[in-house]
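Chain by chain, the residues run as shown.
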Amino acid sequence: YERLNNYATIDTLTHLYNIRALKQRFEEELARAGRYQNSLVVLFLDLDKFKLVNDTYGHLVGDFVLKEISQIIRDSIRTSDIPGRYGGEEFGLILRETDLDGAIIMAERIRKEIGSLQLHNKAQLVPVTSSFGVVSSTLCMNPCDLSSKWMIGSADRALYAAKEGGRNCVRTAERR
């Protein structure tokens, strides 16, 4: 049963939650945050120009990079935080009882760790940078509007603002 549960909830490459399990956990944490009036943060990170890594160095190197990134994430978060692979080279983090400033500090720490990776392939340095989108439940002015759709959409828009703003940076969602 435990092995089947892992197959259903854990991404086999990164050993983080898969997208389905991450979304389920997010709904649970959003309900908990609403019930207890706690803040909740969603953080998306995407590896910059990752297709170029796969195309230049091959998918085995790309997979190795994803494993290294997932380890950086695990090493950088609290045990109460919920990490997952959202898809491809995109990761999501759910941060319970965290304020926006604390989430930005964590995102910057992870971003710098990723940027300082010294991965080599046949004596060539494999450059890896990342962009982040961060949203806090406290940015939603009307608690009735707070939903997983709003938070995920806001984090995604902030992530794309980071990409459009030059990559390798952290952007926060706009207050609504």
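Before going into details, it helps to say that this report is about the structure given with it. (Residues numbered from 1 in each chain as written. Predicted model: local features only at pLDDT ≥ 70, side-chain atom pairs only at ≥ 80, totals over all residues. Heavy atoms only, no water.)

Re the pattern of salt bridges
Throughout the structure, instances matching the rule amount to 10 salt bridges. In this structure, R25 and E28 form a salt bridge, with 3.4 Å as the shortest nitrogen-oxygen distance. With R25 and E28 both in helix α2 (residues 19-36), this residue pair falls three residues apart, about one helical turn. On the basis of relative accessible area, R25 is assigned to the partly exposed category, the value being 22%. In this structure, E108 and R111 form a salt bridge, with 2.8 Å as the shortest nitrogen-oxygen distance. (Salt bridge = Lys/Arg side-chain N within 4 Å of Asp/Glu carboxyl O. Helix = DSSP H or I, 4+ residues; strand = E, 2+ residues; numbered from the N terminus. Buried < 20%, exposed > 50% of the residue type's maximum accessible area, 1.4 Å probe, protein only.)

Overview of the sheet that holds strand β3 (residues 90-96)
Sheet architecture is open: five strands sit in the order β2-β3-β1-β6-β7, paired in mixed fashion. Edge positions in the sheet fall to β2 (82-87) and β7 (170-172), since each of these pairs with one other strand and no more. Taking each pair of neighbouring strands and ignoring which way they run, the sheet shows an average axis angle of 20°. With seven bridges joining them, strand β1 (residues 40-47) and strand β6 (residues 130-136) adopt antiparallel strand pairing. Bridge pairing in β6 links D46 to S131. α2 rests against β1, β2 and β3 of the sheet, and its axis sits at about 135° to β2. Sheet contacts for helix α5 (residues 100-115): β1, β3, β6 and β7; angle to β6, the most-contacted strand, approximately 170°. (Pairing = 2+ DSSP bridges. Axes fitted to C-alpha atoms, helices over the stretch in contact; angles between N-to-C directions. Contact = heavy atoms within 4.5 Å.)

So, α2
If you check α2, its first and last C-alpha atoms are 25 Å apart, about what 18 residues at 1.5 Å a residue would give, namely 26 Å. Buried-residue contacts for α2 involve α1 (2-9), β1, β2, β3 and α6 (148-164). Between the side-chain oxygen of the N-cap and the backbone nitrogen of R20 there are 3.3 Å, and the N-cap of α2 in question is N18. Phi for Q37, located one or two positions after α2, is positive at around 55°. (Expected span 1.5 Å × (residues − 1). Polar contact = N/O pair within 3.5 Å; in protein donor to acceptor, adjacent residues only side chain to side chain.)

Looking at unusual backbone geometry
Of note, E97 is a non-glycine position whose phi angle comes to about 45°, a positive value. Looking at the element boundaries, E97 is found in the loop between β3 and α5. Given the relative accessible area of 52%, E97 is considered exposed. Residues other than glycine seldom take positive phi values, yet N168 does so here, at roughly 55°. Tracing the backbone through its elements, the reader meets N168 in the loop between α6 and β7.

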